[in-house]
2 protein chains.
Amino acid sequence: MDKQIRYGRITSTLVANLAAIAGEKNVLTGDERQNYSRDEAPGSDQAVPDLVVKPGNSREVAEIMKLANEARVPIVVRGAGTGLAGGAVAFYGGIILSMERMNRILEIDRHNFVATVEPAVTLEELYRAVEEYGLYYPLYPGEKSAALGGNVATNAGGMRAVKYGVTRHFVLGLEVVLPTGEIIETGGKFVKCSTGYDLTQLIIGSEGTLAVITKVLLRLTTRPGKTEILFIPFNSLHEAIGAVPDILVRGIVPVGIEFMEKDAIQMVEEFTGKEIPLHSHEAFLLIIVEGADDDEIQRMSSDIGEVCLNRGAVDVYIPGSERAKRNLMEAREKFYPAAVHLGILDIADVVVPRSRIADFMVEARKIGEEYGIALVACGHAGDGNVHLCMMDDGTELHRKQAPELLTQLFKVGVAMGGTVSGEHGVGSIKKKYLDIALNESEISLMKRIKRAFDPNNIMNPGKVLDIDSSKS
Amino acid sequence: MDKQIRYGRITSTLVANLAAIAGEKNVLTGDERQNYSRDEAPGSDQAVPDLVVKPGNSREVAEIMKLANEARVPIVVRGAGTGLAGGAVAFYGGIILSMERMNRILEIDRHNFVATVEPAVTLEELYRAVEEYGLYYPLYPGEKSAALGGNVATNAGGMRAVKYGVTRHFVLGLEVVLPTGEIIETGGKFVKCSTGYDLTQLIIGSEGTLAVITKVLLRLTTRPGKTEILFIPFNSLHEAIGAVPDILVRGIVPVGIEFMEKDAIQMVEEFTGKEIPLHSHEAFLLIIVEGADDDEIQRMSSDIGEVCLNRGAVDVYIPGSERAKRNLMEAREKFYPAAVHLGILDIADVVVPRSRIADFMVEARKIGEEYGIALVACGHAGDGNVHLCMMDDGTELHRKQAPELLTQLFKVGVAMGGTVSGEHGVGSIKKKYLDIALNESEISLMKRIKRAFDPNNIMNPGKVLDIDSSKS
């Protein structure tokens, strides 16, 4: 951590002023602060904030930011706390700005297909709300209790990126509060905009280091008629990955193409106590398709099946019932909780060009073996996003070696044209690997952008980039 | 223009140094500079640059930028010169950096669906090149001679935004040269990225004010099986626009939904000398659909026809031949050249939420009548982008009043939740209207971002934002 940073202290006057803004019961200084001390990152360090404040609206956020900026007190914005990179933890102390009270769906605009939500609305709440209007929010980062503000802050991805892209592609506009307390609105209910720099896109993925998101305008679509899942075993990951470009080049656009290896399947079976069909094969593609009707689904499924069988698939399993379908999706979704349950040192979130996944996995396995650390993998084959869980055997040696192993993995991924975080974000935990993906000019440019927003470096200090405050 | 700006002069040493970098024949100081003095904006002011240099690769660009930055000489990047906002004109003198020699398609990656191109590759060249691989670049800004670097710089939109979005959604990564001469690469052959701030998206749409684009990675798709056009007359624009949400809410996603009014049709007929079917009706939707096969096309077309007839459409015309199809597309594409031929004062590129287009047009007509200036409109009904040509009657009065009229139009559009430029960019011509769409905090933040890239304000000065160089 940067020793140069000198922040202001939380004084009793500041506490009183915050209480005057947000209401006394929305300022926490006691033991409840403990609940705001970590996110869901594996083995993440904890830090109890000096204070938690829960604003009720953007005006209150603006007033809080003004006070914090004047007093040079760190502000760490927190949504549902489901992050995986230590992004919402107050390692420099100061204030956790918990958005939990700003949880209203403000509007669902059926004519323009836009949902306007406050940041603490969860994915689950949004899915449910838009359904009533016959509309659909297609992004599926998996963790449905995640807050949309957090999804925007990390540019969450998930399983439907092959067809739909990531959060970035669904945010039409934002209301944000700058560190100075200024409120700005970016974008709007339109898809075309060439009016100055795109502040919306710059704030997406900035992990709370530039501004506080107080409102999000999300693009909606219509609900697909039908969805189906194909579960396709192969004798090797190489064969499985090799089938992916062949599917896409046919003009078939699945919603998602996931891969799992045998050890990942076993891990999930152990965790859930449910057997997964065809579980004895080496590698699997799980392909999600959407179509207007049964005919379209059937045509896509049979085309995909044909391509995969030509590429060496052992079988093509299409679950007959909604329940069987649900079980398969669960097998993929429970990958991370199962790994956490067994104990993991860390999880990588590497992205490589999708044609390189199998090559990457070969190299990753070699590196894992060198260190004697077990790696269990699954990921998004359609978009090149690989999650590697480094399993914890409980020894101190492995714990010490984990960052070294991760460095090697990231170097291989970047050398293949990839990057170090696809969807989890950099936060505090992946910060030390940033310079593997970015050169000095890029990091230095990002720091200058950070200063343009936040000259006093009060916004989520120590996350994504290390800013030397003494130079400001 | 900003009187505070003091730029360096082009010395004979600088000319010699530039010749040493790019080759003597690629440095123009004579009459040929005249060809670089304007873009395609209506009535755009001209300015002959002091010098034109044509670099051959990004290393040369980097060396040129270093020299220009040291000498504090303005750099205006120019692609094919098809811009409509005076963005590529050197109003402050200095150097036009013409990218025309950097026109190679570097790679078409069939496995990852990515084209890597130099900035001067035109849309037409890209369309042709990817077709050979069975791939497709679906964006269609209309002007096929436009360079892709310019498309990226203005975030070009066009007719297929309803289904595909705009240029922003197809750029996966960039190589750019910063004003300091540093070369950086952003993004890559992947769709997911949460690794620091999104510099790719920030540079897209920045109109040459932040960095020089030297390489573009573009996402490709597969070619749709079939396309069809529906041409649907209505008795009023309100009825036509009213049909749009009904089409979309059914789950039909056309590629584009365009609207034209009777006067626009007449103008184009006069210009091309070709009669357009059903031309006596008041307003038209031109709907482009894509599908896997004839069946899908037929189903979509019949659904769209039904919705439109329910909403008051007079008829649904589906051209029988490729030639008739081509003629209809041409009717829409020739709108702007036809207007220019007749003589126009200016063209607005307003965006409003798509449900507000008809309301906007009612207000726009009223304002036009107040000033006695004829407005001819067409635009993108599916994405709320309206182009209003303010026709020139040759009087000095109207010429003087044009900016006032445009101000009124923009105010109405912004009050309806829209913005002042959807796809043409701000450049020099729309700069004075920027504060209608953006508040002081936003403009000031954009200026700070500009400084983070370009502290000496050498990149395309006087475009998008006015920077006071004396303060730097």
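Parameters and conventions
Residues numbered from 1 in each chain as written. Chains lettered and ligands numbered in written order. Predicted model: local features only at pLDDT ≥ 70, side-chain atom pairs only at ≥ 80, totals over all residues. Heavy atoms only, no water. Phe/Tyr/Trp six-rings, centres within 6.5 Å; stacked < 30°, edge-to-face > 60°. Helix = DSSP H or I, 4+ residues; strand = E, 2+ residues; numbered from the N terminus. Buried < 20%, exposed > 50% of the residue type's maximum accessible area, 1.4 Å probe, protein only. Pairing = 2+ DSSP bridges. Contact = heavy atoms within 4.5 Å. Buried area = accessible area lost by both parts, 1.4 Å probe. Salt bridge = Lys/Arg side-chain N within 4 Å of Asp/Glu carboxyl O. Polar contact = N/O pair within 3.5 Å; in protein donor to acceptor, adjacent residues only side chain to side chain. Nonpolar A, V, L, I, M, F, W, Y, C, P; charged D, E, K, R; others polar. Axes fitted to C-alpha atoms, helices over the stretch in contact; angles between N-to-C directions. Parallel < 35°, antiparallel > 145°, perpendicular 65-115°, else oblique. Left-handed = near helix turned anticlockwise from the far one by under 90°. Domains from an automatic or database assignment. Least-squares fit on C-alpha atoms with pLDDT ≥ 70 in both.

A. The packing of aromatic side chains, seen in detail. All names here are of chain A. For the coordinates displayed, the defined rule picks out 12 aromatic pairs over all chains. When the centroid spacing of 6.2 Å and the interplanar angle of 25 degrees are considered together, the rings of Tyr127 and Tyr140 count as stacked. Taken together, the residues Tyr127 in helix α3 (residues 123-131) and Tyr140 in the loop between β7 (135-136) and α4 (148-154) connect sequence positions 13 residues apart. Judged on exposure class, the residue Tyr127 and its partner Tyr140 are both buried. Ring centres of Phe231 and Phe284 lie 4.8 Å apart, and the angle between their planes is 10 degrees; on these two criteria the pair is classed as stacked. Of this pair, Phe231 sits in strand β12 (residues 226-234) while Phe284 sits in strand β14 (residues 283-291), and the two are 53 residues apart along the sequence.

B. Representation of the sheet that holds strand β1 (residues 27-28) of chain A. Residue and element names in this part refer to chain A. Overall, mixed pairing links the four strands, which are arranged β1-β2-β4-β3 in an open sheet. Looking at the sheet topology across the chains shown, the edges are occupied by β1 and β3 (75-78). Here β1 pairs with strand β2 (residues 51-53) via two bridges, running antiparallel. Counterpart to Leu28 in the pairing with β2 is Val52.

C. Expanded view of the pairing of strand β16 (residues 375-380) of chain B. Residues and elements named next belong to chain B. Most of β16 sits inside the fold, with six of its six residues counted as buried. Where strand β13 (residues 256-261) and β16 come together, three bridges link them in antiparallel fashion. Bridge pairing in β16 links Met260 to Cys378.

D. Layout of the interface of chain B and chain A. Between chain B and chain A, the residue contacts involve 75 residues of the former and 75 residues of the latter. Summed over both partners, the interface of chain B with chain A comes to about 6,300 Å²; 59% of that surface belongs to carbon and sulfur atoms. Together, Lys192(B), Ser194(B) and Tyr197(B) form the three largest contributors to the area buried by chain B at its contact with chain A, with a combined 16%. Summed over the shared surface of chain B and chain A, the number is six salt bridges. Residue Asp383(A) is joined to Lys192(B) by a salt bridge in which the shortest nitrogen-to-oxygen separation is 3.3 Å. Scanning the region where chain B abuts chain A turns up 42 residue pairs in polar contact (both at pLDDT 80 or more). A per-element tally of the side of chain B that touches chain A places helix α15 (residues 440-453) of chain B first, with nine residues. Along the lines of polarity and charge, the residues of the side of chain B that touches chain A split into 30 nonpolar, 29 polar and 16 charged.

E. Quick look at the packing of helix α7 (residues 237-249) of chain A against helix α9 (residues 294-310) of chain A. Residue and element names in this part refer to chain A. Put simply, α7 and α9 touch, their axes get as near as 9 Å, and they point 140 degrees apart. In this view, α7 runs oblique relative to α9, as classed from their interaxial angle. Along this stretch, α7 crosses α9, giving a crossing that reads as right-handed. Residue-level inspection shows Ala243, Asp246 and Ile247 of α7 in contact with α9, the latter providing Ile304, Val307 and Cys308.

F. Region of the structure containing the domain arrangement of chain A. Here the domain parsing of chain A yields domain 1 (12-100 + 447-471), domain 2 (105-222), domain 3 (226-331) and domain 4 (343-435). Inter-centroid distance (C-alpha atoms) of domain 1 of chain A to domain 3 of chain A is 43 Å.

G. Spotlight on the packing of helix α10 (residues 322-333) of chain A against helix α11 (residues 335-342) of chain A. Residues and elements named next belong to chain A. One way to put it is that α10 packs onto α11 with a least axis distance of 5 Å and a crossing angle of 50 degrees. What the angle tells us is that α10 and α11 run oblique. On α11, the residues that touch Ala331, Arg332 and Glu333 of α10 are Phe335, Tyr336 and Pro337. Partitioning the contact of α10 with α11 into residue classes produces four nonpolar, no polar and two charged.

H. The arrangement of the relation of the copies chain B and chain A in detail. The two copies are related by a screw motion: chain B maps onto chain A through a turn of 180 degrees and a shift of 0.0 Å along the axis, at an RMSD of 0.0 Å. In symmetry terms, the pair is related by a two-fold rotation axis. A share of 100% of the interface residues of chain B reappears at the interface of chain A, consistent with the copies meeting face to face through the same patch.

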